[in-house]
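Here is what each chain is made of, one letter per residue.
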Amino acid sequence: MSTREAARRKPMNRRPKDILLRLLVAAALVIDAVVHFDLAAGYQLGAPGGIGEGNLFRLEAAAAILVGLYVLVRGSRPAYAAAVVIAGSAFVAVLLYRYVDIPAIGPIPSMYEPVWFFEKSLSAVAEGLGAVLAAVGYVRQRGGARRRGR
């Protein structure tokens, strides 16, 4: 078997570019999770007995860790789709609550915060890049399936 044949048989998600993409998406999700876990305690003070921002931050962080692991282990279209949803929704939320004063909706508190600070900026950049990179991974997986004749 020639190296060209071996490269063709190599699964799409095992090529060096795809491994790098998986690592970058997972790293973005880890940054997102670390920042949210770090900030959660301070934000929970506003609603110590309720849902509160802190608990929402913890849920976001746990979802980011789980999806990051899923992307690392599988690198499949569903894994990248989950990463787009998690990173993209967090990115939209941070921008929305930065620029729009949305009132509390049922048990979800008002999270308007019209300032940028280092952790918030770091998280927003990681979420935005993570969503874009995950979308690229999703499209690359789709193209790979088409090329293999599935």
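These figures come from a predicted structure and were not determined experimentally. (Residues numbered from 1 in each chain as written. Predicted model: local features only at pLDDT ≥ 70, side-chain atom pairs only at ≥ 80, totals over all residues. Heavy atoms only, no water.)

A. Local environment of the pattern of salt bridges. Using the criterion set out here, one finds two salt bridges in the structure. Notably, a salt bridge pairs Arg140 with Asp18, separated by 2.9 Å at the nearest N-O pair. Of the two residues, Arg140 sits in helix H5 (residues 118-147) while Asp18 sits in helix H2 (residues 16-44), which places them 122 residues apart along the sequence. We classify Arg140 as partly exposed; its relative accessible area is 30%. In this structure, Lys120 and Glu113 form a salt bridge, with 3.5 Å as the shortest nitrogen-oxygen distance. (Salt bridge = Lys/Arg side-chain N within 4 Å of Asp/Glu carboxyl O. Helix = DSSP H or I, 4+ residues; strand = E, 2+ residues; numbered from the N terminus. Buried < 20%, exposed > 50% of the residue type's maximum accessible area, 1.4 Å probe, protein only.)

B. Broad picture of the packing of aromatic side chains. Inspection of the entire model under this criterion finds two aromatic pairs. On the numbers, 4.9 Å between centres and 45 degrees between planes, the contact of Tyr43 with Phe57 is tilted. In this pair, Tyr43 is assigned in helix H2 and Phe57 in helix H3 (residues 52-73), connecting sequence segments 14 residues apart. With respect to burial, Tyr43 and Phe57 carry one shared label: buried. (Phe/Tyr/Trp six-rings, centres within 6.5 Å; stacked < 30°, edge-to-face > 60°.)

Shape is all these values report; function is a separate question.
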